[in-house]
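# Coordinates in review
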Amino acid sequence: PAEDTPLSALALAELADQAGIPGGVYNVTPCSRQKTPAVGEVLCTDPLVAKISFTGSTATGKVLLKHAADTVKRVSMELGGHAPLIVFDSANLDQAVAGAVASKFRNSGQTCVCSNRLLVQKGIHDAFVQKLAAAMNKELFVGSGFDERTTQGPLINERAVEKVEKQIQDAVARGARVVCGGKRHSLGGTFFQPTLLSDVTTDMLCTQEETFGPVAPVIKFDSEEEAIAIANSVNVGLAGYFFSQDPAQIWRVAEQLEVGMVGVNEGILSSTEAPFGGVKQSGIGREGSKYGIDEYLEIKYICYGGL
């Protein structure tokens, strides 16, 4: 497991033991960040390992793919995302704001399917930014997970905070405006204020790399074609979201977005029954649904004759 979050995997091993699963069936190998490359290489190159499934960054996924190639292993890769969330003029404004809050700020922005770039059409842009800021101030509470009011916990480590700060500083230096948030939270540690940026342009760092933090950058656009071009301009394609009440537009945009999963008028799209995965450099294969099971099966053709 990741060195920052090993306890859930270890707890699952304990539950497996309590459930009577034989020893050696489910194994957990914690290791330090320094030793992770060596352990990963062993798992990917050992002939006894038949399949590699990895959830993590695109950069790490590429390294594991190279190692797995030597023994031609089957792989499933759920890698990084850079999800667009598009709000068209035809959208239900309240629905779009609620979806943006849910999609952007779940787990303090620390999921691979969190919206990372908010593209808002010019006719609805100002009203959307105003309503989103009001919703953030009203609905998002930063604090301890033991407090029932809390909706926003800390970021995973100091590096994550520094990345968020760097993106905000870069955006402001290039002309973006901080509508709300923008700083470390008064609670200290790795807590960070939910942040809304407006006047964002596509040359800013926050639109070019995944944030994995509570920053919502809003880009104003003119036409449907422009929005799709911006959304598809990156080399990853995990999830995408858009809000529209125009049925023809919904079909056009859903088909043209270069992502593995699309949320239409929805800010949360993950489901056990649905195939989870991306296109381009967001990964290979799918998790969940019957397609996720297929990733662990081999097709064998047997031709009987001469009986």
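Residues numbered from 1 in each chain as written. Predicted model: local features only at pLDDT ≥ 70, side-chain atom pairs only at ≥ 80, totals over all residues. Heavy atoms only, no water.

Summing up its helical and strand segments, the protein chain has nine helices and twelve strands in all. The C-alpha radius of gyration computed for the protein chain amounts to 21 Å, which stays within 12% of the reference 19 Å derived for 307 residues, consistent with globular compactness. When its C-alpha atoms are laid out on the principal axes, the protein chain stretches across 70 × 50 × 35 Å. Taking all 307 residues of the protein chain together, the buried fraction comes to 43%. Considering only intrachain contacts with a sequence separation of at least 6, the fraction spanning at least 24 residues in the protein chain is 63%. When the accessible area of the protein chain is evaluated, it comes to approximately 16400 Å², of which 56% is carbon and sulfur surface. Charged side chains in the protein chain number 27 positive and 35 negative. The centres of these two groups are separated by 3 Å. (Helix = DSSP H or I, 4+ residues; strand = E, 2+ residues; numbered from the N terminus. Rg over C-alpha atoms; globule rule 2.2 N^0.38 Å. Buried < 20%, exposed > 50% of the residue type's maximum accessible area, 1.4 Å probe, protein only. Contact = heavy atoms within 4.5 Å. Areas by Shrake-Rupley, 256 points an atom, 1.4 Å probe, with all protein chains shown as cover. Lys, Arg positive; Asp, Glu negative; His and termini not counted. Charge placed at Lys NZ, Arg CZ, Asp CG, Glu CD.)

Let us look at the nonpolar core. Core analysis: the biggest nonpolar cluster contains 33 residues, and Val87, Val113, Leu118, Phe128, Leu132 and Leu196 have the highest contact counts within it. Of all elements in the fold, only β3 (83–87), α4 (93–105), β4 (115–121), α5 (122–139), β7 (215–221) and β9 (239–243) reach the threshold of two or more residues within this core. When sequence neighbours within four positions are dropped, the list of residues in contact with leucine 132 reads Val97, Ala100, Val101, Leu118 and Leu196. Counting 27 residues, the second-largest nonpolar core is a separate cluster that includes Ala176, Cys206, Ala227 and Ile250. (Core = buried A, V, L, I, M, F, W, Y, C linked by side-chain atoms within 4.5 Å.)

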